[in-house]
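# Inside the fold
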Amino acid sequence: MEFRYLIPELIVLGTAVAVILADLFVKEKKWLTILALGGLGAAVIAAVIGWPDASLSLFGGMISHDAFASFFKIFFPVMAGLVIMASVDWTHKFERFRGEYHALILLAATGMMLIAGATNLITLYLALEITAVAFYVLVGIQKDKKSTESALKYVLLSGTASAVLVYGMALVFGFTGTTGLAEIAASLQSMAPGAILDSPGLLMGLILIIAGLGFKIAAVPFQFWVPDVYEGAPTPITMYLSIASKAAGFAIILRILGTAFLEPGALAQQWAPVVAALAAIGMTLGNLMAIPQANIKRLLAFSTVAHAGYIMVGLAALGNAPELSSVAIGSIIFYLIAFAVSDLAAFITVIAISNKLNSDNFADYAGLIRTSPFMAGMLTLALLSLIGFPPTAGFLAKFYIFAAGVQADLLWLVVLAAVNTVISAYYYFGVIKVLWMREPAQQTGVTASGALKTALAVSSFGILLFGILPALAMKLAETAAGVFGG
């Protein structure tokens, strides 16, 4: 029974159904939160117990059970759990839809877990759309003007990106005769290099796939949806989109490029310069656009565009030096972990503070270190990690990904990334200055539920743990990266 290898996904999906049914009968809605967290915890335990010793191909090559997939079967439920915990103070705004809210978060997690294991273009696309549909509804679930407008923009633009992606997949299928990633790699390697470069349709297919996935990770020039959707969406969903959705996008890209298009004869030398150029533009544009922002959600939105650029340095290193695939992919996965805990801590504090102040303008955060030292301290720690300040996880993440770039002869890109790190310090320290140096705008402190404080403590602890003792995270990242050989 191959379904036994999908027990974590089935647990999360079953929990989503159970939450919907429980919502019909349970009056105390806090039990929905407990049920959802219980299901996610069970999925993590199942993924740990089922960690594979070797890669297995399931369902005729549609899905793989390997270390890369298993890593994300732990990563996504943990992210979903922290999002649910951080939402406890916020879900009172739509009491009627709490069941649907939790179920959709679980459904999105199920889709992202399937994405990480998919090894066929068809299963990749289906898993991607399961995730996307859940996010469409979550972005608009607050049903006010801003939330609805954001959801509409997200549906239209994401739908266009999906169409581009499918068209690219169709072209690749047309020229290789298969939708399996391993079979596509074999087909490409059987061709003479000149024949590949003389196939404009095949090259166009690869370009369209990169373009479609570029939207999912908010890479330049497909980032234009990010600030409006992030600002209008409920803040916990903005956090979920910013972290889990981006990680899912990179999981797909690594799976497709790492499996089908990695070898030099299979276009790696052609897509690597394109990715390097997009990384350079993304880092620079994201950071420059973040500087004038007064809204903390828009600032973090543009910052995620810049971070997508940093991560793409590792992707460019992968294409430029395929023999360093373990180093490059390992650095990308570690960066995703560090970015996740840092962005989680930043957004969770924003949720708590915005709930109190009813404002997303960080000018209103003035002097919070005096009235709410815990929240201000955690936000400061998160922003320092996003800059890449030692001894945080963000520092080591940038060190590893820059090292991969240097080893892959991308010194110019690493220098540009370092310059962008300095630029980012300007706007991150701008927020920290408001927190620490200004007179308090409010005389009362920020209060939060125990669940939110726990989620914040866990993510903040992760920032320090992975910054000071990175061995466990690096071991996991290297094991997951080992699936792609090299």
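All values reported here derive from a predicted model rather than from experimental measurement. The numbering scheme is per chain: residues are counted from 1 as the chain's sequence reads. In keeping with the model being predicted, local features are shown solely for residues with a pLDDT of at least 70 and side-chain atom pairs are shown and tallied solely at 80 or more, while totals for entire chains, interfaces and linings include all residues. As a convention, hydrogens and water are excluded, and side-chain values are obtained from all of the structure's heavy atoms.

## Examining the nonpolar core
- In this text, buried Ala, Val, Leu, Ile, Met, Phe, Trp, Tyr and Cys residues form a nonpolar core when linked through side-chain atoms within 4.5 Å. Exposure is judged per residue with a 1.4 Å probe applied to protein chains only, and the accessible area is read against the type maximum: over 50% gives exposed, under 20% gives buried, and values in between give partly exposed. In terms of nonpolar packing, the biggest core is built from 182 residues, with Tyr240, Phe261, Trp271 and Tyr365 touching the most fellow members.
- The element that contributes the greatest number of residues to this core is helix H14 (residues 325-357), accounting for 22 residues. Only DSSP runs of H or I with at least four residues qualify as helices, and only runs of E with at least two residues qualify as strands; both kinds are numbered from the N terminus onward.

## What to know about unusual backbone geometry
- Looking along the chain, the bond that leaves proline 390 and enters proline 391 is cis, with omega of 5 degrees.
- Looking at the secondary structure, you find proline 391 in the loop between helix H16 (373-387) and helix H17 (393-407).
- If you check the backbone angles, lysine 143 has positive phi at about 60 degrees while not being a glycine.
- Along the polypeptide, lysine 143 turns up in the loop between helix H5 (121-139) and helix H6 (145-176).
- Residue lysine 143 is classed as exposed on the basis of its relative accessible area, which comes to 59%.
- Residue alanine 218 is not a glycine yet carries a positive backbone phi of 60 degrees.
- Within the element layout of this structure, alanine 218 appears in the loop between helix H9 (200-216) and helix H10 (226-232).

## Things to note about the pattern of salt bridges
- Throughout this description, the term salt bridge denotes a Lys or Arg side-chain nitrogen within 4 Å of a carboxyl oxygen of Asp or Glu. Tallying each qualifying case throughout the model produces 9 salt bridges.
- One salt bridge in this structure joins glutamate 149 and lysine 153, with 3.3 Å as the shortest N-O distance. With glutamate 149 and lysine 153 both in helix H6 and 4 residues apart, this pair spans about one turn of that helix.
- For glutamate 149, a relative accessible area of 41% gives the class partly exposed.
- Where salt bridges share partners, they join Lys146, Glu149, Lys153, Asp228, Glu231 and Arg298 into one cluster.

## A word on the packing of H14 against helix H20 (residues 471-481)
- The axes used here are C-alpha line fits, helices contributing only the stretch in contact, and every angle between their N-to-C directions lies in the interval 0 to 180 degrees. Contact pair H14 / H20: the axes reach a minimum separation of 8 Å and the direction vectors enclose 130 degrees. Between H14 and H20, the angle is such that the two are oblique. Crossing angle aside, the handedness with which H14 passes H20 is right-handed. Listed contacts from H20 to Ser326, Ile329, Gly330, Ile333, Phe334 and Ile337 of H14 are Ala473, Met474, Ala477, Ala480 and Ala481. What sets the label is the angle itself: under 35 degrees gives roughly parallel, over 145 gives roughly antiparallel, 65 to 115 gives roughly perpendicular, and the rest give oblique. Less than a right angle of anticlockwise turn of the near helix away from the far helix marks a crossing as left-handed, whereas a clockwise turn marks it as right-handed. Should any heavy atoms of two residues lie within 4.5 Å, those residues are considered in contact.

## A closer look at the environment of phenylalanine 94
- Residue placement: phenylalanine 94 occurs in the loop between helix H3 (67-86) and helix H4 (98-117).
- Assessed through its relative accessible area of 5%, phenylalanine 94 is described here as buried.
- C-alpha separation for the pair phenylalanine 94 and isoleucine 141, spaced 47 residues apart in sequence, amounts to 8.1 Å.
- Apart from the residues lying within four places of it in its own chain, the contact partners of phenylalanine 94 are Tyr101 and Ile141.

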